Number of protein chains: 2
Amino acid sequence: MKSQMNGAESLVRTLLASGVDTCFANPGTSEMHFLAALDKVGSLRCVLGLAEGVLTGAADGYFRMRDRPACTLLHLAPGFANGLANLHNAKKAGSGIVNIVGEHATYHLQHDAPLTADIAGLARPMSHWVRTSASSHEVATDGAAAVSAAREGAGRIATLILPADASWGEADRIVGAPEPAARPDVPAAAIADAARALSEPVEQGETVLLLGGEALRERALEWAGRIAAKTGCRLLAEGQNARMARGAGRVKIGRLPFDVDSAVAALAGVRRIVLVGAKLPVAFFAYPGKPSLIAPHDCEIIPLADADHRLDHALEALAHELGAGQLAPAHVAERRAPGLPGDMSRPTPDGIAAVLAAHLPEQAIVVDEAVSVGRGFFPPTAGAAPHDWLNSVGSSLGYGLPVAIGAAIAEPQRKVLALIGDGSAMYNLPALWTMARERLDVTVVILANRAYNVLRGELARMGGPEPGRVALDMLSLDRPDLDFVALAQGHGVPARRAQTLDAFSNALAHSFAEPGPSLIELIVN
Amino acid sequence: MKSQMNGAESLVRTLLASGVDTCFANPGTSEMHFLAALDKVGSLRCVLGLAEGVLTGAADGYFRMRDRPACTLLHLAPGFANGLANLHNAKKAGSGIVNIVGEHATYHLQHDAPLTADIAGLARPMSHWVRTSASSHEVATDGAAAVSAAREGAGRIATLILPADASWGEADRIVGAPEPAARPDVPAAAIADAARALSEPVEQGETVLLLGGEALRERALEWAGRIAAKTGCRLLAEGQNARMARGAGRVKIGRLPFDVDSAVAALAGVRRIVLVGAKLPVAFFAYPGKPSLIAPHDCEIIPLADADHRLDHALEALAHELGAGQLAPAHVAERRAPGLPGDMSRPTPDGIAAVLAAHLPEQAIVVDEAVSVGRGFFPPTAGAAPHDWLNSVGSSLGYGLPVAIGAAIAEPQRKVLALIGDGSAMYNLPALWTMARERLDVTVVILANRAYNVLRGELARMGGPEPGRVALDMLSLDRPDLDFVALAQGHGVPARRAQTLDAFSNALAHSFAEPGPSLIELIVN
């Protein structure tokens, strides 16, 4: 039946032949043939989101858990623009995504119809690869090239612009993207150099193994733990990480702190940093009189592997080179007795973290966008049941709820816990509706401090005067208070409010016991 | 105290000196000095929005009603990206906006911190003018240039990128943007040519005066009405218009229909089109076998004036040239007796329009994003109390609620009525919270058909097969139903639901009688 196939159908079949089986979509007129092709072809799952930030974030979450790209289906330049902030987050996280952006028919562009704008221009800053299909006969080749581009290295953002006539015109082929090339291994000489450096005598903790990307998966961390057992080096993760294996029985590892002073203090006295999938640590922002680079000036930097390398191999080889291959890993987290805090009244950050640690289900996926309240959640949850912990890497607000969607779709048998600041939640709140529609197993906890609280600290760090009325007003979310129970119910998600740790604990237990999404608004101000 | 002034303060004072007194803001760390300067300077009104699409749309609405630019304050590339879709809408509407986008300190950019991305690259497709301030000493000059750029012609999008060190560094000047040059008048020879064309004998209705931009303000329409009285030409507005003066006592004018077949039919038999602030009419989208250009092939096009011209002058001169200067305008709308429909049960589009016409307050501002349901609202409201009617021009969904904010802030003594489709509402719903916070006099009517209904028509027009399960699923908003009463209350806006015209009429009367925002969810499926 090849003669009846149009460009859209050749694209859908190409995506499937290339291992892309999930589409996060918000279609418009120019994407109608793609929808029709989905019906004809049948096996590509299509998930609707009511705003495009939901979709690009969902594709990010999907990649983080599945290690392969989903596609998005977006409507022309403005629809694509709405998804850019979460593409920024995905790009920084090293996630692979194939964006399919509908465009006017090629011959219609000259007329500057209302929705016409420069899609490719918008795409470039947030994409590694951008192409516009020239005709329906090229769409399959272009689609396969997009998938290949998205699978390069740790993961890339590929944006394919699909003119309507390339979608509805006749097509004659289906292309399967070739299997991605194996990720490169670190050369043996570099392993040997790093091993020599790690073997040189320095005091305990003066050498840091700074891990990022896939060096934070379970097996890679075990090798890192053996290296630490042998050499006494410290293990640290970058400040923001796409995904980290954590919990009882796994090698426990801290993160570089967010605020510049704490980060500088964390690396004070460090003589040597070995980078494994991590970048040179930099301050989140510049501040008057504070450094951009976090490490001490005289610290030796050894860039062993970047995020595109096979990082488990690199750590394994390094461990063997050091003669640590058979050692028991250091820093293995013991399982904590699941105890609740003694005082279950006021929800302090430590108390919240203890409740989370007690309730976290086995193999939970934690999506952390708790921003200011959540900074301290990390250490108390280190001995919880084994879980994955996902952070925002690009740090644009609104990543958490969408990423939770993608994670839940990628791993339907696991519980997803999304910890979201109230300010963050307001960027992509319609994500709740998609959770309800797809009956995703997501527990959303809104940490409602009714402020952009992180910015109050930032205002002080900027060294300005005491904040005045306008500044405080711009950092407050309390006039009026947002009612997240009503907001969740409005999106079709059951919700309850907790003002004490006790109520929070009960709500959390209840939510984890039930299938489908639910939301807890935890008042923390 | 000039020696103590920093770049941010010089910018705030420059904006005020240049007539920009309103800022729609969602600040982050890099904008903290701007906030501090607002407190120090005092008289620039700053309005917080919880998502950036709210802010750029609000600035669009403000310009449409005030005819001068407001500024936005946005946080780095991702925050700016979130505002791009409504900048697209503003750009197509001819609105002037000054975007101030915070950027990392110049020396920090090289380190590729998490929020680093190419702001200028993102800005170009949706801006007429883009500049990055090189230092704190340049900020005032750059700010004044941005205001001048935004005030060019009918209105332009100007984007000023403000590095943090340009914000906190020392500054030494305040610059007032010069008064904008007078908008150009159409040359007398062109007026004479158009008058000759309009005087040539053709049948009634075979000549169309196609109006756009400021040709749709009250006085300009009066001149158009005189021209129609003299020549028998038809008056038509473009399909999408930033602002149109309507209601009893004003010259009544239709719009080109949205769907391509109706638009072609509306211009069938037309021999001559005089463009006054309007562009050559084009189809919204291309469809297989349908034309891109709407006018008949042999139709003569006379481009008298573009949107940047003084359009009231052009129409006045044309009327005088035709000897129509003293005539009574044709097509003046008579005031309808404010009657309600006989059947007040089922909310049909005609019934809804009649209820709107009966209740519309004097000088109301109607922000129309009713999409499919609202297509028929125009004729029945022509004889309502005098009002302004605002459409989406760029047609990216999510324009309406934000534009209503800007209109209400620009014209605090007037009632704003926002007619919003349920699909559209979900793009920038946090606009409701800003309405509550600023106690804006906005009545929001959500026309809940629980579908992207417009797309069902588009699917058919694309000529594909009968829509299948996936396609229908992607165009439906009913699994689960959104509850806009809960959503509004969650944002702090009182709300009620109407399922009959009677309930709608009561709710509308109630809402117009009370100050502050309220929302009515009208179920129309």
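Residues numbered from 1 in each chain as written. Chains lettered and ligands numbered in written order. Predicted model: local features only at pLDDT ≥ 70, side-chain atom pairs only at ≥ 80, totals over all residues. Heavy atoms only, no water.

*Asks:* Break down the overall build of chain A for me, with residues and values.
*Replies:* Each helix and strand in chain A was counted, giving 21 helices and 18 strands. For a compact globule of 525 residues, the expected C-alpha radius of gyration is about 24 Å, and chain A comes in at 24 Å, within 12% of that figure. Oriented by its inertia axes, the alpha-carbon framework of chain A measures out at about 70 × 60 × 50 Å. Burial statistics for chain A: of 525 residues in total, 66% are counted as buried. Element-wise, carbon and sulfur atoms account for 50% of the exposed surface of chain A, whose accessible area totals about 17100 Å². (Helix = DSSP H or I, 4+ residues; strand = E, 2+ residues; numbered from the N terminus. Rg over C-alpha atoms; globule rule 2.2 N^0.38 Å. Buried < 20%, exposed > 50% of the residue type's maximum accessible area, 1.4 Å probe, protein only. Areas by Shrake-Rupley, 256 points an atom, 1.4 Å probe, with all protein chains shown as cover.)

*Asks:* Now, about the relation of the copies chain A and chain B: what can you tell me, with residues and values included?
*Replies:* For these two chain copies, the linking operation is a rotation about an axis paired with a shift along it. Rotating chain A by 180° about the axis while translating it 0.0 Å along that axis superimposes it on chain B, leaving an RMSD of 0.0 Å. With respect to symmetry, the two chain copies, as superposed, fit the operation of a two-fold axis. Taken as a fraction of all interface residues of chain A, those also at the interface in chain B reach 100%, which identifies the copy contact as same-surface. (Least-squares fit on C-alpha atoms with pLDDT ≥ 70 in both. Contact = heavy atoms within 4.5 Å.)

*Asks:* With reference to specific residues and values, describe the interface of chain A and chain B.
*Replies:* Counting from both sides, the interface comprises 93 residues of chain A and, opposite them, 93 residues of chain B. Here chain A meets chain B over a buried area of about 7800 Å², counting both sides, of which 66% is carbon and sulfur. Contact with chain B buries area across many residues of chain A, yet Pro 114, Arg 437 and Met 474 of chain A alone supply 9% of it, more than any other trio. For the pair chain A and chain B, the number of links is 6 salt bridges. Inspection of the chain A/chain B interface yields 37 residue pairs in polar contact (both at pLDDT 80 or more). Within the side of chain A that touches chain B, the residues separate by chemical class into 55 nonpolar, 24 polar and 14 charged. (Buried area = accessible area lost by both parts, 1.4 Å probe. Salt bridge = Lys/Arg side-chain N within 4 Å of Asp/Glu carboxyl O. Polar contact = N/O pair within 3.5 Å; in protein donor to acceptor, adjacent residues only side chain to side chain. Nonpolar A, V, L, I, M, F, W, Y, C, P; charged D, E, K, R; others polar.)

*Asks:* Lay out the packing of helix α13 (residues 349-359) of chain A against helix α21 (residues 501-513) of chain A in plain terms, naming residues and giving numbers.
*Replies:* Residues and elements named next belong to chain A. Look at α13 against α21: their axes get within 10 Å of each other, and the N-to-C directions meet at 25°. Taken together, the axes of α13 and α21 are roughly parallel relative to one another. The handedness of the crossing between α13 and α21 is right-handed. Each of Gly 351, Ile 352, Val 355, Leu 356 and His 359 in α13 lies in contact with α21, whose residues at this interface are Leu 501, Phe 504, Ser 505, Leu 508, Ala 509 and Phe 512. Looking at the contact of α13 with α21, its residues break down into 8 nonpolar, 3 polar and no charged. (Axes fitted to C-alpha atoms, helices over the stretch in contact; angles between N-to-C directions. Parallel < 35°, antiparallel > 145°, perpendicular 65-115°, else oblique. Left-handed = near helix turned anticlockwise from the far one by under 90°.)

*Asks:* Explain the packing of aromatic side chains residue by residue, including any values.
*Replies:* Under the defined criterion, the tally for this structure stands at 10 aromatic pairs over all chains. Their ring planes at 55° and their centres at 5.5 Å tell us that Phe 284 of chain A and Phe 285 of chain A sit as a pair that is tilted. Look at Phe 285 of chain A and you get buried, because its relative accessible area is 3%. Ring plane angle 70° and centroid distance 6.3 Å describe the contact between Phe 24 of chain B and Tyr 62 of chain B, whose orientation is recorded as edge-to-face. Taken as a pair, Phe 24 of chain B in strand β1 (residues 22-25) and Tyr 62 of chain B in helix α3 (residues 52-66) lie far apart in primary sequence, 38 residues in all. (Phe/Tyr/Trp six-rings, centres within 6.5 Å; stacked < 30°, edge-to-face > 60°.)

*Asks:* Describe helix α5 (residues 84-93) of chain B, naming the residues involved and giving the relevant values.
*Replies:* Residue and element names in this part refer to chain B. In terms of residue burial, α5 counts as a mostly covered element, since 8 of its 10 residues are buried. All of the buried residues along α5 are Leu 84, Ala 85, Asn 86, Leu 87, His 88, Asn 89, Ala 90 and Ala 93. Following α5 by one or two positions, Gly 94 has its phi on the positive side, about 75°.

*Asks:* Go over unusual backbone geometry, please, and point to the residues and values.
*Replies:* Here the amide bond leading from Arg 479 of chain A into Pro 480 of chain A is cis, since omega sits at 5°, within 30 degrees of zero. Residue His 331 of chain A is not a glycine yet carries a positive backbone phi of 65°. Locating His 331 of chain A in the fold gives a position in the loop between α12 (311-321) and α13. His 331 of chain A sits in the partly exposed class, given a relative accessible area of 41%. Unusually for a residue other than glycine, Ser 395 of chain B sits at a positive phi of about 70°. By the element assignment, Ser 395 of chain B lies in the loop between β14 (387-391) and α15 (400-410). With a relative accessible area of 18%, Ser 395 of chain B lands in the buried category.

*Asks:* Describe the sheet that holds β1 of chain B, naming the residues involved and giving the relevant values.
*Replies:* Residues and elements named next belong to chain B. Spatial ordering of the open sheet is given by β2-β1-β3-β4-β6-β5, a layout of 6 strands whose pairing is parallel. A single partner strand is all that each edge strand has here, and the edge strands are β2 (45-48) and β5 (129-132). Strand-to-strand twist of the sheet, defined as the mean angle between neighbouring strand axes without regard to direction, takes the value 20°. With 4 bridges connecting them, β5 and strand β6 (residues 157-163) associate as parallel partners. In the sheet register, Arg 131 faces β6, and the bridge partner there is Leu 160. The strands touched by α3 within the sheet are β1, β2, β3 (70-75) and β4 (97-103), with β3 carrying the most contacts at an inclination of about 170°. (Pairing = 2+ DSSP bridges.)

*Asks:* Pulling in residues and values, what's your account of the pairing of strand β8 (residues 234-237) of chain B?
*Replies:* Within a regular beta strand, the side chains point alternately toward one face of the sheet and then the other, so they alternate between its two faces. Residue and element names in this part refer to chain B. As paired elements, strand β7 (residues 207-211) and β8 share 4 bridges and run parallel to each other. Bridge pairing in β8 links Leu 209 to Leu 235. With respect to chirality, the unit in which β7 leads through helix α10 (residues 218-231) into the neighbouring parallel β8 is right-handed. (Right-handed = clockwise from strand over helix to strand, strands pointing away.)

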